[in-house]
Amino acid sequence: ITPASIRLCLFPFSLTGKAKQWFYKEKKAVSTWGKCSVAFLTKFFPIGKTNALREKFSNFQQSSLETIPEAWERL
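Residues numbered from 1 in each chain as written. Predicted model: local features only at pLDDT ≥ 70, side-chain atom pairs only at ≥ 80, totals over all residues. Heavy atoms only, no water.

Draft legend 1. Representation of the overall build of the chain. In terms of regular secondary structure, the chain is built from five helices and zero strands. Of the regular secondary structure in the chain, the N- to C-terminal order runs α-α-α-α-α. Compactness check: the chain gives a C-alpha radius of gyration of 18 Å against a globular reference of 11 Å for 75 residues, more than 25% above the reference. For the chain, the proportion of contacts with a sequence separation of at least 24, taken over those separated by at least 6, is 24%. Accessible area for the chain stands at about 6400 Å²; split by element, carbon and sulfur atoms hold 63% of it. The average position of the 12 basic charges and that of the 5 acidic charges among the side chains of the chain differ by 19 Å. (Helix = DSSP H or I, 4+ residues; strand = E, 2+ residues; numbered from the N terminus. Rg over C-alpha atoms; globule rule 2.2 N^0.38 Å. Contact = heavy atoms within 4.5 Å. Areas by Shrake-Rupley, 256 points an atom, 1.4 Å probe, with all protein chains shown as cover. Lys, Arg positive; Asp, Glu negative; His and termini not counted. Charge placed at Lys NZ, Arg CZ, Asp CG, Glu CD.)

Pasting the structure below:
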């Protein structure tokens, strides 16, 4: 058994709600881990959303009145 097969078998247990419904609806189309991961990321993390999150992380700054633990929690 390959690691990719194990990932594909265990992946549904990490899902809830709409993601779980999507997985079982598309089960035949996501027959390998490679197809599954690409399809999942395309569906739930489109490029625009990913880029917006990257920008948010890249531009993160601690405010002058904020402690490091507070900033970390906000991040």
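Draft legend 2. How the structure looks around the state of the cysteines. Using the criterion set out here, one finds zero disulfides in the structure. In this structure C9 is not part of a disulfide, and its nearest cysteine sulfur, from C36, lies 11 Å away. On the basis of relative accessible area, C9 is assigned to the exposed category, the value being 56%. (Disulfide = S-S within 2.5 Å. Buried < 20%, exposed > 50% of the residue type's maximum accessible area, 1.4 Å probe, protein only.)

Draft legend 3. Highlighting helix α4 (residues 47-58). Spanning 12 residues, α4 covers 16 Å between terminal C-alpha atoms, matching the ideal 16 Å at 1.5 Å per step. Buried residues are scarce in α4, accounting for zero of its 12 residues. (Expected span 1.5 Å × (residues − 1).)

Draft legend 4. A look at helix α2 (residues 17-25). Along α2, the positions that sit buried rather than exposed are A19, W22 and F23. On an axial view of α2, the arc spanned by its buried residues comes to 100°, and they lie on one face. Turned more than 90 degrees off the buried face of α2, the exposed positions are K18, Q21 and K25. Against α1 (3-10) and α3 (33-44) lie the buried residues of α2. (Arc of directions from axis to C-beta.)

Draft legend 5. View of the side chain of E66. Structurally, E66 can be placed in the loop between α4 and α5 (68-74). On the basis of relative accessibility, which here comes to 14%, the residue E66 falls in the buried class. A polar side-chain atom of E66 sits 3.2 Å from the main-chain amide nitrogen of S63. Not counting residues up to four positions away in its chain, the partners in contact with E66 are Q61, A71 and R74. (Polar contact = N/O pair within 3.5 Å; in protein donor to acceptor, adjacent residues only side chain to side chain.)

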